[in-house]
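The lines below spell out each chain.
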Amino acid sequence: MEEAAAATMLKVLFQKLSEYSTDQVLLVAGFGNEAEQLTQNLNMIQKFLSDAEMGSIPGEAVKKWLADLGNVGFDADNVLDEIIYYELSKQSKADTMANKPMKQKVLLCFLFCLHILSARSMAHRIQQINGNLGVINQRAADLGLVERVAAAVPTLPDVARETDSFSLDPIFIGRDEMKSKIVKQLTACSTTDKCISILAIVGMGGLGKTTLTREVFNSLKDENRFGSHIWVYVSPNFDPLTLFNKILTSLDLQESKLKEAALKKLVDALKDKSYLLILDDIWNENVLKWEEFIHPLLRVSSMKGNAIVVTTRSLGVASIMKPFDTHELQRLSDEDCWSIIKEKTFGKENVPSELEASGTKIAEKCKGLPLAASVVAGVLLSDQSEERWHSIKENWLSRYEGNDIERILKFSFDNLSLPSLKKCFAYCSIFPKGYKFKPQTLIEYWMGEGFLKADERSDMESMGEKFIHVLLRNSLLQIAERDVHGNVESCVMHDLLHDLAASVLRGSFKEDEITQVRYMFLKEHSYAVPKTNEKYLRTLLSVFYQKDIMFSNFESLHVLAFQGWKVEYWPSHINKAGDLFIEDLSSEIKKLIHLRVLDIDVLPIEYLPEWIGELFHLQTLRACHSKLKKLPSTLKNLRNLRHLYITKGVELFAEIGRLTSLRTLQFFRVGDKNGYKIEELGSLNCLKGKLQIDNLERVRNKEEAEKANLSNKPKLLELYLGWEIGREGDTTNDENVLEGLQPPSRLEKLVIKGFGGKRFPSWTRNMEVDNGRQGSRITLNKLVEITLSDCSECEEIPMFGQLPNLKCLRLYRLRNVKSINSSFYVSVNDDTHTVFPALEELVLVNLPKLTVLKGIESVDASAVSVFPRLQHSMIEDCRVLTSFPTHFWSPLKRLKVFSIRQCYNLSEIPDSLGTLNSLTISDCPNLKRIGDLGVQQSQESLRSLTSLWISRCEALLYLPCEMLGSSLKSLVLEDLSSLENLPEIIALLPKSPRLTRLVIIRVPQFMTTCFVEIPPRFSSLEWLNIDASVGGLMETVNGILQGCSSLDGLLLKGMESWENLPESIQYVTTRSYLELENFGMEELPEWLGNFTSLRQLRIRNCKKLRHLPSMDAMRRLTELSHLNIEGCPEICVEEASDAADSQWPNISHIPYIFIDGRRIGCPEASDAADSQWPNIFHNPNIPHYIVGRLGHFVLEQLSSCSCRVTTGKQATTTRQLCNAIAEMSALVFFFLHFRFSPPTFE
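Residues numbered from 1 in each chain as written. Predicted model: local features only at pLDDT ≥ 70, side-chain atom pairs only at ≥ 80, totals over all residues. Heavy atoms only, no water.

Under an unreviewed UniProt entry, the name given to the protein is Disease resistance protein RPM1, and the organism recorded is Salvia splendens. UniProt lists a comment for the protein under the heading Sequence similarities (unreviewed entry), and it reads "Belongs to the disease resistance NB-LRR family." (UniProt positions renumbered as here; feature names shortened; annotations may be inferred.)

Here it is, written out as structure tokens:
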């Protein structure tokens, strides 16, 4: 197979050379004779390659001939590419000099003379290539190869019918019982007192270990069983530091070069969280290396109940890790393999009877390997004729060597229809095993290497997308990640397929025989490209950027990328602020005249050099670092540039409209000067994907807007139209401008921001655009997502209800909209049965004048279904909204998440809340009623309610008890001063056995008449925050605490009359956080020293408290790092105090001690430096509104204290600031530990 595969790879190269020789070289004057001879030689070579591809003459001689042919072919490619480069250079200089003075035109003539000399040199080099090809052809004839005319060019299988990308996911069959058992085991692990539990999954390659583990991982992630869910691909190189860094990367944290630094980051990230860690594909048999990894990991988290799942092919490897259980995967049954094949090839349709017999026999030959069944199914899918299936059944593996799975994978590779598709598959092996690569990036690399050829229907990018689809469909690639919309975000290649692809890429050579490597991925800084290989390299994907490298030695380089990988730096590249900076790109790169892809995303460069405009072959430029400010003007010379990736704030160059090949331009800011106006977009009709246009206030009228020619950009899918927000002056021109910006009819996402008109233009109001020459109008039926934001003068919302595919509608800050009337839905007639048929998410935020949500105006409105698929809804800051129409709720049978906040005039929420998972109601002070649910509805719809958050609804009298169902996991009731039935609610809490979070704050009558179960069981409760200060009973608090076996956080607010803590506290194991407030005791009990896992202790407003537990008890709290005491005037804790009752000796060992906001036990000046609270501003797990509230207070206090001092009023201000931060601490910990917040869609 090796010689045949090598011949296939070379066919791609020589097909490209043939196109060069016939299409482009002949256009360059002076090369006619040489080009004609070259074309003849290349045609002959391709015929010999067709014979070699048949494998008719194996042996070392053919192997050597193919290697020499490859070298000559790549040399020819470089020469022809160089000719085209100089032709492009000449055209660019001519364009530049066209309007220059005479002196510079004389210089151009001189350069033209140099070009003639260069052309003669090129002609000589082509003659040499012709001579070499002639020798190669003669050798082929001597070897016995014949000039075989290639068969008709095959075509790609039709993939258009594959509309559901989820059909490309790995099929999971035959392992359901094992999956359920493992999920159950890991769920049990999460509640044990063991620090880390290890489970192993063992099986040979292709048995589906990773697929099974992924199913388990996703199931536990969906259930939120662990604080963090981490997936790491290990690979044969088991290095502890590398693994720690991979874990950091999975947590979106920066890697570290030193093991200690990496572990410190892991401690900071995981110290208060449980975690599930997947270690996929371990080969390590070294016990010491495993211990070097696992022992530090045991100290990373203070939480118990962590779990590690390892997958490996070896029982010996698994035994090293001492798992509590090992699941050894067995082969699937023939019936399961047949089920995989059927689902892959026919989905839910029935298998034709004439294929059944052949199919079952083919399934038997898969030998119980799910990977084999998936791969074979991909081949069968491409041709479902009875003859083809029968042929595969009889002959499919007879010509291949190797074990079962290897033979099947080779068969699948051979059945890829195009040589270029095979080459693209092989190219994927340059990435390390387990590496996740983005499809678009891979396609750009394929293009850069010349593997993709456009045809009359598809450009190169579209062809690449088809290739990706075929490889996924044939299971030669697998989907690794999807984005929030379900689109494929990254792919990965199975290890066994990686081995196959690598063997194809290196041809008939063994790995240690290769002397001329063409494609390379540098994983480590210690690895370097051998000097002897530099000139042959065509793709270099490097983890590190080294400025002093001699890039000019890489004379054949087509793809150079540092994207997404760590950058190597040295002290001279660290500025005073501690940031990495690089002043400029190495000028050596400008000598890479063959370069098609340059990816410098990770390089912190402010300005790109002018010479980038001399890389005339460049197709893709990625420069998305946030430090980049401006692009050079010379980029307008890159006529072949197809993809330009930059961040939003980067200043573009003038005359970008000259780059007519551009497919990717995500951001464009309209300017006032020529070359920067919106008309520059007019010639860029190949743009695809996303386009954001800002500063539209600079467009003067409709005619100027029409010059952008947006409607003639059919591949544009996402359009953002933005005006400056908060402009002064007349904004009525915005209506004319927006009228001229009609989008293409296939648009999927539309965002309009800052529009200043009172009425939207006709195409926006009706969501219809002109249908080209036909003179009719068509609806924007492809729209999936619409956002209107900051349209401050707009009085009416467009009609969206008729859009059949609209899934998401967001309306933000439409401050002049007073009502949402019937025109919002659709013009209802007798044929209208459904409005907003596909809408899944509806967001209304900051519509301060909105008073009414009107219903549908129709004779029989009840016959029209509205929002039948709505799942998520958020209504916020609609301050004068009083009510909802009945139709808004009645059809909501799928509503999962509903959030309503800051609707101050809202008095009631109607019935029919749907099958909610999460309900949040906040800051609705006039809300008196939440439906009248009734028993029947509660049993049907609220069974799935998992989260209920109601806060600051002071008028609410009654909360339906039916909301407390068996699925409830989180209940937050806060500031409900009029609520009358809290005792009823508390009595029913045991009916929610899955409750993990319970918060009841500032709600009267914290008591209950009885519990259904005495004592009630709250074994799942992890966080408890109860306030019994408003008419509470000690017995109720004790009753709840008796049912808690283990808590991660406990916050108790009692009554001043209570002279003791509730006795039940001493029997609760509190792991992380304990807060006691408003108790009347004089001393804390000794048993507090039994809370050995306690990390933070806070005592507030205990006016009589004088004594902490004894020194012995406090010293037993070995994990305690923070002690905060506030509002306890009787206690003496000053370190310098000589008082007999001073508590300082008891607590002096604690690292962080705060008394009324002031840190003691260290110099006052270090308060700010030592405080860990500022880190919360950068913690992604804390909701923005929590950080916002804290940040607002911080800024407010700092504005009155411009520098930090420790005396007088400013010291008081500093203490106030510390107090404010401390006030937020419990809430911050709440979100840090449990990642729970009212849902938001911003």
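Right, picking up where we left off after that structure.
Along its length, the protein carries 30 helices and 42 strands. In the protein, the share of contacts with a sequence separation of at least 24, taken over all contacts with a separation of at least 6, comes to 66%. (Helix = DSSP H or I, 4+ residues; strand = E, 2+ residues; numbered from the N terminus. Contact = heavy atoms within 4.5 Å.)

The full count for this structure, using the stated rule, is 23 aromatic pairs. Residues Tyr85 and Phe616 carry aromatic rings whose centres are separated by 5.3 Å and whose planes lie at 50° to one another, so their mutual orientation is tilted. In this pair, Tyr85 is assigned in helix 3 (residues 60-97) and Phe616 in the loop between strand 11 (597-599) and strand 12 (620-622), connecting sequence segments 531 residues apart. According to the relative accessible area criterion, Tyr85 is buried, its value standing at 7%. Judged by centre distance (6.3 Å) and plane angle (45°), the ring pair of Phe551 and Phe554 falls under tilted. A relative accessible area of 2% means that Phe551 is categorised as buried. Relative accessible area serves as the criterion here: at 0%, Phe554 is assigned to the buried category. Aromatic rings pair up to connect Phe238, Phe244, Trp290 and Phe293 into one cluster. Sitting above the plane of the Trp231 ring, Arg214 keeps its charged end 3.7 Å from the centroid. Of note, Arg622 hangs over the ring of Tyr645, and the distance from its end group to the ring centre comes to 3.8 Å. (Phe/Tyr/Trp six-rings, centres within 6.5 Å; stacked < 30°, edge-to-face > 60°. Buried < 20%, exposed > 50% of the residue type's maximum accessible area, 1.4 Å probe, protein only. Lys NZ or Arg CZ within 6 Å of the ring centre and 35° of its normal.)

So, on to the nonpolar core. Membership of the largest hydrophobic core comes to 313 residues, with the highest contact counts inside it found for Trp446, Ile693 and Phe800. Ranked by residue count, the leading element in this core is helix 3, at 13 residues. The residues touching Phe800, leaving out its near neighbours within four places in the chain, are Met767, Ile786, Leu788, Leu806, Leu809, Phe824, Tyr825 and Phe836. Formed by 32 residues, the second largest nonpolar core is a distinct cluster that contains Val232, Leu277, Ile282 and Ile294. (Core = buried A, V, L, I, M, F, W, Y, C linked by side-chain atoms within 4.5 Å.)

Attention now moves to a negative patch on the surface. Residues Glu354, Asp383, Glu386 and Glu387 make up a contiguous surface patch of negative charge. Its place among the elements puts Glu354 in helix 12 (residues 353-364). Residue class for Glu354 comes out partly exposed when judged on its relative accessible area of 42%. (Patch = residues over 30% accessible without salt bridge, like charges linked within 9 Å, V, L, I, M, F, W, Y side chains within 5 Å. Areas by Shrake-Rupley, 256 points an atom, 1.4 Å probe, with all protein chains shown as cover. Salt bridge = Lys/Arg side-chain N within 4 Å of Asp/Glu carboxyl O. Lys, Arg positive; Asp, Glu negative; His and termini not counted. Charge placed at Lys NZ, Arg CZ, Asp CG, Glu CD.)

With twelve residues, helix 12 should reach 16 Å at 1.5 Å per residue; the first-to-last C-alpha distance of 18 Å fits that figure. For helix 12, the full list of buried residues reads Leu355, Ser358, Gly359, Ile362 and Ala363. Angularly, the buried residues of helix 12 cover 140° about the axis, an arc narrow enough to put them on a single face. Set apart from the buried face of helix 12 by more than 90 degrees, the exposed residues are Ser353 and Ala357. The inward-facing, buried residues of helix 12 abut helix 11 (334-346), helix 13 (370-382) and helix 14 (386-395). (Expected span 1.5 Å × (residues − 1). Arc of directions from axis to C-beta.)

The subject of this paragraph is the sheet that holds strand 8 (residues 519-522). Taken in spatial order, the seven strands line up as 8-9-10-11-12-13-14 in an open sheet, and their pairing is parallel. The sheet terminates laterally at strand 8 and strand 14 (664-665), the two strands that pair on one side only. Bridging between strand 10 (residues 559-561) and strand 11 involves three bridges; their strand directions are parallel. Looking at strand 11, one finds that Leu560 is bridged to Leu598. (Pairing = 2+ DSSP bridges.)

Okay, empty space enclosed by the protein next. In the structure shown here, the tally under the stated rule is seven cavities of 30 Å³ or more. Space inside the second largest cavity adds up to approximately 70 Å³. For the lining of the second largest cavity, the element with the highest residue contribution is helix 1 (residues 2-24), accounting for four residues. For the lining of the second largest cavity, the class distribution of residues is six nonpolar, one polar and four charged. (1 Å grid on protein atoms, 1.4 Å probe; cavity = no way out; pocket = protein on both sides within 12 Å on 5 of 7 lines; lining within 4 Å. Points joined across faces, edges and corners; volume = space filled by probe spheres on them. Nonpolar A, V, L, I, M, F, W, Y, C, P; charged D, E, K, R; others polar.)

Moving on, we come to the pairing of strand 40 (residues 1122-1126). Within strand 40, five of the five residues are buried, which leaves the element mostly enclosed by the surrounding structure. On strand 40, burial covers both faces: His1122, Asn1124 and Glu1126 on one face and Leu1123 and Ile1125 on the other are all buried. Where strand 39 (residues 1096-1100) and strand 40 come together, five bridges link them in parallel fashion. The residue bridging Gln1096 from the neighbouring strand is His1122, located in strand 40. Sheet topology places strand 40 next to strand 41 (residues 1152-1155); four bridges connect them, and they run parallel.

Our focus in this paragraph is the sheet that holds strand 3 (residues 275-282). Strand order across the open sheet formed by five strands is 2-3-4-1-5, with parallel pairing between neighbours. With one partner strand each, in any of the chains shown, strand 2 (228-235) and strand 5 (325-328) form the two edges of the open sheet. Shown here is a sheet whose adjacent strand axes are inclined to one another by a mean of 15°, direction ignored. Inspection of the sheet shows strand 1 (residues 196-202) paired to strand 5 by four bridges, in the parallel sense. (Axes fitted to C-alpha atoms, helices over the stretch in contact; angles between N-to-C directions.)

Packed helix pairs are characterised by how far apart their axes lie and by the angle those axes make with each other. Viewed as axis vectors pointing N to C, helix 11 and helix 13 meet at an angle of 35°, and their least axial separation amounts to 8 Å. Along this stretch, helix 11 crosses helix 13, giving a crossing that reads as right-handed. Residue-level inspection shows Cys337, Ile340, Ile341, Lys344 and Thr345 of helix 11 in contact with helix 13, the latter providing Pro370, Ala373, Ser374, Ala377, Gly378, Leu380 and Leu381. Split into classes, the residues belonging to the contact of helix 11 with helix 13 amount to eight nonpolar, three polar and one charged. (Left-handed = near helix turned anticlockwise from the far one by under 90°.)

Below, the discussion takes up the pattern of salt bridges. Tallied over the full model, the rule gives 50 salt bridges. Ionic pairing is found between Arg125 and Glu82, a salt bridge with its closest N-O pair at 3.1 Å. Of this pair, Arg125 sits in helix 4 (residues 102-143) while Glu82 sits in helix 3; the two residues are 43 residues apart in sequence, bridging distant segments of the chain. Assessed through its relative accessible area of 28%, Arg125 is described here as partly exposed. Among the residues examined, Glu82 registers a relative accessible area of 13% and is labelled buried. A salt bridge links Glu876 to Arg901; the nearest nitrogen and oxygen atoms lie 3.3 Å apart. With Glu876 in strand 28 (residues 872-876) and Arg901 in strand 29 (residues 897-901), this pair connects stretches of sequence that are 25 residues apart. Residue classification places Arg901 among the buried residues on the basis of a relative accessible area of 9%.

Contact geometry of helix 13 with helix 15 (residues 404-414) gives a least axis separation of 9 Å together with a crossing angle of 20°. When the axes of helix 13 and helix 15 are compared, the pair comes out roughly parallel. For the pair helix 13 and helix 15, the crossing hand works out as left-handed. For the pair helix 13 and helix 15, the contacting residues are Leu371, Ala372, Val375, Val376 and Val379 in the first and Ile405, Ile408, Leu409, Phe411 and Ser412 in the second. Here the contact of helix 13 with helix 15 is composed, by residue class, of nine nonpolar, one polar and no charged. (Parallel < 35°, antiparallel > 145°, perpendicular 65-115°, else oblique.)

Attention now moves to unusual backbone geometry. Backbone geometry at Arg813 places phi at a positive 55°, although glycine is not the residue there. Tracing the chain through its elements places Arg813 in the loop between strand 22 (808-812) and strand 23 (819-820). Of note, the phi angle at Asp975 is positive, near 55°, even though the residue is not glycine. Taking relative accessible area as the criterion, Asp975 reaches 17% and is therefore assigned buried.

Attention now goes to helix 19 (residues 495-505). Buried within helix 19 are the following residues: Asp495, Leu496, Leu497, His498, Leu500, Ala501 and Val504. Downstream of helix 19 by a residue or two, Gly507 has a phi angle that is positive, lying close to 75°.

Attention shifts here to the pairing of strand 33 (residues 947-951). Counting buried positions over the five residues of strand 33 gives five, a clear majority of the element. Side chains of strand 33 alternate between two faces, with Ser947, Trp949 and Ser951 and Leu948 and Ile950 buried alike. Relative to strand 33, strand 31 (residues 918-922) is paired through five bridges, and the arrangement is parallel. Among the inter-strand pairings, Leu919 is bridged to a residue of strand 33, identified as Leu948. In terms of strand pairing, strand 33 meets strand 34 (residues 970-974) through five bridges, oriented parallel.

Once that is clear, we can look at the confidence of the model for the protein. In low-pLDDT segments, the atomic positions of the prediction should not be examined closely. For the protein, the average pLDDT comes to 81, and 81% of its residues sit at 70 or higher. Scored below 50 in pLDDT, residues 160-166 makes eleven contacts in the model with residues more than four places away or belonging to other chains. In the predicted structure, residues 933-941 sits below a pLDDT of 50 and forms 15 contacts with residues beyond four places in sequence or in another chain. (pLDDT = per-residue confidence, 0-100.)

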